[in-house]
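Below are the chains, spelled out letter by letter.
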Amino acid sequence: MEIDRRTFFAGLGGVAAVAAMADEAKAEALEHHMMLQLNVANQTAANQPAMPGTDKKFPTAAEVEAQIETQPSRRGTGNLFVSHVGNVKKLSPLPERPTLVDFYKLRFMATSNHCLQSAYRAMQNGMSEEIVLACLIHDTVQDLIKVDHGWWGAQMYEPYVSEKVTFAVRYHQALRFYEDKEHGYEYPDLYRRIFGSDYKPEPYIEATYKMVRNHKWYLEPRMVTVNDLYAFDPNVNPKLDQFLDIIGRNFKQPKEGLGFDNSPVAHMWRTIARPDSPL
């Protein structure tokens, strides 16, 4: 991906401000900039968003923690609520009864391209429709919140998808920290950079992994991690139209519109629809 250095530096406060940033802060800012450019240019960012010359220079977990007070926003903030490059932009209004497709096109801007590639890869690999759908939606909740996004995402979609899709979305988060070379998943360098080279998942993640590893549906979330991690092909630009039939067969669209069906998660969809609301 081509990066306009002048625009990138200006969005961070200028050359002097960038020079004062730690390597990890630069890497994170660059990652966010590339995600924003991804959908605009229909290109795919590499899965190791580091500054030149630092590809294998991973911070420790303590060094990652030390960056907290050096950045203007918290790392768990959803994509809709923050911009590291310039100001946020005004969002297009959603229809009166918004569908998943409407949210995908008008709110999931930062996550949609990656999720489309993940779903396309799952389809090419002969995965079931439930896994393809899980891949299509697995990271979209990160436009709302990033912390524990597997659990948040599963909760947000649970009233509208099968139990197996919910299971796959919820537990892909825990499984991504554990290698399974037999099924094609290796621990990514990206996580060494984001979490630290010596990072150890918290006890609840470890306990969740052990539970899922012995579950009859283990391969569902595992296949999401496989098709998630390697969905970074610059020559692949799938379109949502390719998945409309799968959505139609596997997503229970409420007639009132997402956010207005009085479900236990309607407020989550309203928050994504109206992220500029002050209260």
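Everything in this summary refers to the structure shown in the same document. (Residues numbered from 1 in each chain as written. Predicted model: local features only at pLDDT ≥ 70, side-chain atom pairs only at ≥ 80, totals over all residues. Heavy atoms only, no water.)

**Concerning the environment of cysteine 115**
- Locating cysteine 115 in the fold gives a position in helix H6 (residues 112-124).
- Using a relative accessible area of 0% as the deciding quantity, one classes cysteine 115 as buried.
- Residues within four places of cysteine 115 in sequence aside, it is in contact with Tyr104, Cys135, Leu136, His138, Asp139 and Thr140. (Helix = DSSP H or I, 4+ residues; strand = E, 2+ residues; numbered from the N terminus. Buried < 20%, exposed > 50% of the residue type's maximum accessible area, 1.4 Å probe, protein only. Contact = heavy atoms within 4.5 Å.)

**Observations concerning the environment of methionine 123**
- The residue methionine 123 is located in helix H6 in this model.
- The exposure class of methionine 123 is partly exposed, given its relative accessible area of 30%.
- The spatial distance from the C-alpha of methionine 123 to the C-alpha of cysteine 135 is 9.6 Å, given a sequence separation of 12 residues.
- Sequence-distant contacts of methionine 123, defined by excluding residues within four places in its chain, comprise Val132, Gln242, Phe243 and Ile246.

**A closer look at the side chain of aspartate 189**
- As for its position among the elements, aspartate 189 is in helix H10 (residues 189-195).
- For aspartate 189, the side chain forms a polar contact with the side chain of arginine 192, separated by 2.7 Å. (Polar contact = N/O pair within 3.5 Å; in protein donor to acceptor, adjacent residues only side chain to side chain.)

**Focus: helix H11 (residues 203-213)**
- Among the residues of H11, Ile205, Thr208, Tyr209 and Val212 are the ones counted as buried. Seen from one end, H11 has its buried residues packed into an arc of 100°, which puts them on one side.
- Packing partners of the buried residues in H11 comprise helix H8 (149-157), helix H9 (163-175) and helix H12 (219-229). (Arc of directions from axis to C-beta.)

**Section: unusual backbone geometry**
- For aspartate 148, which is not a glycine, the phi torsion comes out positive at approximately 50°.
- Within the secondary structure layout, aspartate 148 lies in the loop between helix H7 (129-137) and H8.
- By relative accessible area, aspartate 148 is classed as partly exposed at 23%.
- With phi around 60°, asparagine 262 is a residue other than glycine that occupies positive phi space.
- Positionally, asparagine 262 belongs in the loop between helix H13 (244-250) and helix H14 (266-273).

**So, the side chain of histidine 172**
- With respect to the helices, strands and loops of the structure, histidine 172 is situated in helix H9.
- Accessibility expressed as a relative area gives 1% for histidine 172, which makes it buried.
- Ignoring any residue separated from it by four or fewer positions in sequence, one finds histidine 172 in contact with His138, Asp139, His149, Gly150, Pro221, Val224, Thr225 and Asp228.

**A closer look at the environment of valine 236**
- Positionally, valine 236 belongs in the loop between H12 and H13.
- For the pair valine 236 and tyrosine 120, spaced 116 residues apart in sequence, the C-alpha separation works out to 8.8 Å.

**Considering the packing of aromatic side chains**
- All chains considered together, the criterion is met by 19 aromatic pairs.
- Measuring from ring centre to ring centre gives 5.7 Å for phenylalanine 177 and tyrosine 191, while their planes differ by 45°; the resulting arrangement is tilted. Of the two residues, phenylalanine 177 sits in the loop between H9 and H10 while tyrosine 191 sits in helix H10, which places them 14 residues apart along the sequence.
- Residue placement shows arginine 176 over the ring face of tyrosine 191; its charged tip is 5.2 Å from the ring centre. (Phe/Tyr/Trp six-rings, centres within 6.5 Å; stacked < 30°, edge-to-face > 60°. Lys NZ or Arg CZ within 6 Å of the ring centre and 35° of its normal.)

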